[in-house]
Amino acid sequence: MSRACVTFDGECVVDEVTLAVAPGEFVAVLGENGSGKTTLMQALLGLVPLSHGAVSIHGTPVAQFRDWDRIGYVPQRLLSAGAVPMSVHEVVESARWSPRTRWRLRRKEDRAATSAALHEVGLWDRRDDRLDTLSGGQQRRVLIARALATGADTLILDEPTAGIDAESQTRLATTLRRLRDGGRTILLVTHELGPVADLTTRAIVLARGEHGSVRYDGPPRQEELAHHHAWHHSEDIAPPPAPTLLEG
Amino acid sequence: MSLLSYDFMQRALIAAALIGLIAPLIGVFLVQRRLALLGDGMGHVALAGVGIAFLVGTAPVPTALAAAALGAVVIELIRARSRTAGDLALALIFYGGIAGGVLFTSLAGGKSSTALNQYLFGSLSTVAASDIGWLVVVSLIVLVVLAVFGREIFVMALDPDVARTQGIRTTAMSMLLTVLAAFTVVIGMRTVGLLLVSAIMIVPIAASQQLTRGFRTTAVIGVVVGELSAVLGLVSSYYLDAPPGPTIVFLALGLFAVCALIAVPVRRRRAPAIAAVAAVPHGGRQVTAP
């Protein structure tokens, strides 16, 4: 991502963000509500247009990127409750469907990936239940299972722990550790590091202001994060260093 | 059965069986996307096609098919470009369609006005032998397209943003669904009629979703309800000497009521089971002592 800006109704939501994520990194994107974390993730995925700048995924400009089976995405909002019932299994399995699988029938590996993902988030026993009978936290776990079922090597998770209990957060952290150790690249948007603090190899702190969106980009040292988290509340503190460009 | 000895009745039954199969398969996606009334609008647009056919003397089915498909593309382009003005633009297209249909039919003169009534509410005798070929081909097209693209349309209906991160072209899938809905309207216009064809897409799904927990099951039971409504409704209209559209829709509504009654004990039985699973730690995975 190079000098990326996203503007909504004339207001700059993501401002001059330049970053690159190396394979195998575990990046936590932090910041308060409205700091542009979700918009940044959407911009990375090409879901919102840039007012200027450029985004590439795995070296390919996002508009030309086709290897979407390498990306697993957990959106911040829960899936919209449509009027037709959907089982938990159907929602997780739908991660397997894309233009690449258009001309083939469901295979054994699709079933295996769906089953493994449901076991991973502890919802195997709820697989036949209607999605809308699950609690908000459980529905978020369904979304996580959905991303896992893709088998992607890059996971983008937008506040996956919002609304889920401490035990499930710990379970998610264990899952993420296994994925990271298996070489997956993980971008995680969160309000606080919590149970993933020791997994994180890099932290990016976002805030709104006149000096670009990135307030901090570096190792997740608590004192640094605390400093940059507080920075935008105090105008008399010097602006942060320029955003780091990490070559991936 | 004596009614099967009539050629027109055989043709009408084939047409009814086709719409009973196809309409719920499209309706399940429309209901999921909260576009239940889209079929109504497409019916209005198809009516303009029927009116044009009367005016210029072409066959109504292909002309209505072309008008509905064109309308579907325009509607999707408007919906994609403007969310707020889109609603207004859709209303203008729908009203324009029904006004055009009636106006063109009046200008055509002759028996066209009587024939228009048959397209509005369906008719046992209007399914011509030449129509059956069209209806079978269009139905096959809808089935093949659904078999190939149905899973992607499902993901798009689930969440368009997530669908895009799976490489799915959501605008194209949305347009495809609307065009399929337009085709379905044309398949149903001979038997159910353009004013009521939307009901056979929606009511069977409204009925089945009360009993089901999954999307696929909802579609399958919807097809069963759709077939029962279409075929039995058509037979009823023969004996009642009434247009088939209203009898088919009344039967579908009756099946909806039956499903609603059956759903009450089914839900009661499921509720304690779900509560029991939810009470187990880890959201449902049984934990046994070592």
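Residues numbered from 1 in each chain as written. Chains lettered and ligands numbered in written order. Predicted model: local features only at pLDDT ≥ 70, side-chain atom pairs only at ≥ 80, totals over all residues. Heavy atoms only, no water.

Draft legend 1. Focus on the overall build of chain A. The secondary structure content of chain A amounts to 6 helices and 11 strands. Taking contacts inside chain A between residues at least 6 apart in sequence as the whole, the part at least 24 apart equals 64%. When the accessible surface of chain A is split by element, carbon and sulfur atoms take 51% of a total near 10800 Å². (Helix = DSSP H or I, 4+ residues; strand = E, 2+ residues; numbered from the N terminus. Contact = heavy atoms within 4.5 Å. Areas by Shrake-Rupley, 256 points an atom, 1.4 Å probe, with all protein chains shown as cover.)

Draft legend 2. Broad picture of the pattern of salt bridges. Residues and elements named next belong to chain A. For the structure shown, the criterion picks out 22 salt bridges over all chains. For the salt bridge of D181 with R180, the shortest nitrogen-to-oxygen distance reads 3.2 Å. By relative accessible area, which is 53% here, D181 ends up exposed. A single salt-bridge network, built from bridges that share partners, covers E25, R202 and D217. (Salt bridge = Lys/Arg side-chain N within 4 Å of Asp/Glu carboxyl O. Buried < 20%, exposed > 50% of the residue type's maximum accessible area, 1.4 Å probe, protein only.)

Draft legend 3. Looking closely at the interface of chain A and chain B. Contacts between chain A and chain B engage 48 residues on the former and 37 residues on the latter. When the buried area of chain A at its contact with chain B is split by residue, V84, W97 and R102 of chain A rank highest and sum to 16% of it. Counting every contact that joins chain A to chain B gives 5 salt bridges. Linking chain A with chain B are 15 residue pairs in polar contact (both at pLDDT 80 or more), by the criterion used here. Secondary-structure elements contributing two or more residues to the side of chain A that touches chain B are β7 (71–74), α2 (88–93), α3 (108–120), α4 (136–149) and α5 (166–181) of chain A. Classifying every residue of the side of chain A that touches chain B gives 19 nonpolar, 12 polar and 17 charged. (Buried area = accessible area lost by both parts, 1.4 Å probe. Polar contact = N/O pair within 3.5 Å; in protein donor to acceptor, adjacent residues only side chain to side chain. Nonpolar A, V, L, I, M, F, W, Y, C, P; charged D, E, K, R; others polar.)

Draft legend 4. How the structure looks around the sheet that holds strand β1 (residues 2–8) of chain A. All names here are of chain A. In spatial order, the strands read β2-β1-β4; together these 3 strands make up an open sheet with antiparallel pairing. Strands at the two margins of the open sheet, each flanked by one partner only, are β2 (11–17) and β4 (52–54). Going from strand to strand, the sheet's axes swing by 25 degrees on average, the running direction of each strand aside. In this structure, β1 lies alongside β2, joined through 4 bridges in antiparallel fashion. The residue of β2 that forms the bridge with V6 is V14. (Pairing = 2+ DSSP bridges. Axes fitted to C-alpha atoms, helices over the stretch in contact; angles between N-to-C directions.)

Draft legend 5. Quick look at the pairing of strand β9 (residues 185–189) of chain A. Residue and element names in this part refer to chain A. Burial within β9 is extensive, with 5 of its 5 residues counted as buried. Relative to β9, strand β3 (residues 26–31) is paired through 4 bridges, and the arrangement is parallel. Within β9, the position partnered with V27 by the bridge is L187. Where strand β8 (residues 154–158) meets β9, 5 bridges bridge the pair, whose relative direction is parallel. Paired with I156 across the two strands is L187, which belongs to β9. Chirality of the crossover, the property in question, places the unit of β8, α5 and β9 among those that are right-handed. (Right-handed = clockwise from strand over helix to strand, strands pointing away.)

Draft legend 6. Region of the structure containing the side chain of S123 of chain B. Residues and elements named next belong to chain B. Here S123 shows up in the loop between α5 (112–121) and α6 (129–158). A polar contact of 3.2 Å, which involves the side chain of S123, links it to the backbone nitrogen of S125. In contact with S123, other than residues within four places in its own chain, are Q118, R190, T191 and P244.

Draft legend 7. Local environment of the nonpolar core. One finds L176 of chain A together with I26, L30 and V142 of chain B to be the most contacted residues of the largest nonpolar core, which totals 117 residues. Per-element tally for this core: the top contributor is helix α1 (residues 7–32) of chain B, with 15 residues. Residue contacts for L176 of chain A: discarding those within four places in its chain leaves F26, L157, I186, L188, V196 and L199 of chain A. Listed in part, the 29 residues of the second largest apolar core include Y73, L187 and L206 of chain A together with V162 of chain B. (Core = buried A, V, L, I, M, F, W, Y, C linked by side-chain atoms within 4.5 Å.)

Draft legend 8. Examining empty space enclosed by the protein more closely. Evaluated as defined, the whole model comprises 2 cavities of 30 Å³ or more. Empty space within the largest cavity amounts to approximately 60 Å³. Among the secondary structure elements, those contributing two or more residues to the lining of the largest cavity are α4 and α5 of chain A. Per-element accounting of the lining of the largest cavity gives the leading share, 4 residues, to α5 of chain A. When the residues that make up the lining of the largest cavity are grouped by side-chain class, the tally is 4 nonpolar, 2 polar and 3 charged. Here the second largest cavity defines a volume of roughly 40 Å³. Together, I71, G72, Y73, R146 and T150 of chain A together with V162, T165 and Q166 of chain B line the second largest cavity. No other element matches β7 of chain A, which puts 3 residues into the lining of the second largest cavity. Here the residues of the lining of the second largest cavity sort into 3 nonpolar, 4 polar and 1 charged. (1 Å grid on protein atoms, 1.4 Å probe; cavity = no way out; pocket = protein on both sides within 12 Å on 5 of 7 lines; lining within 4 Å. Points joined across faces, edges and corners; volume = space filled by probe spheres on them.)

Read these as layout, nothing more, since geometry by itself doesn't imply function.
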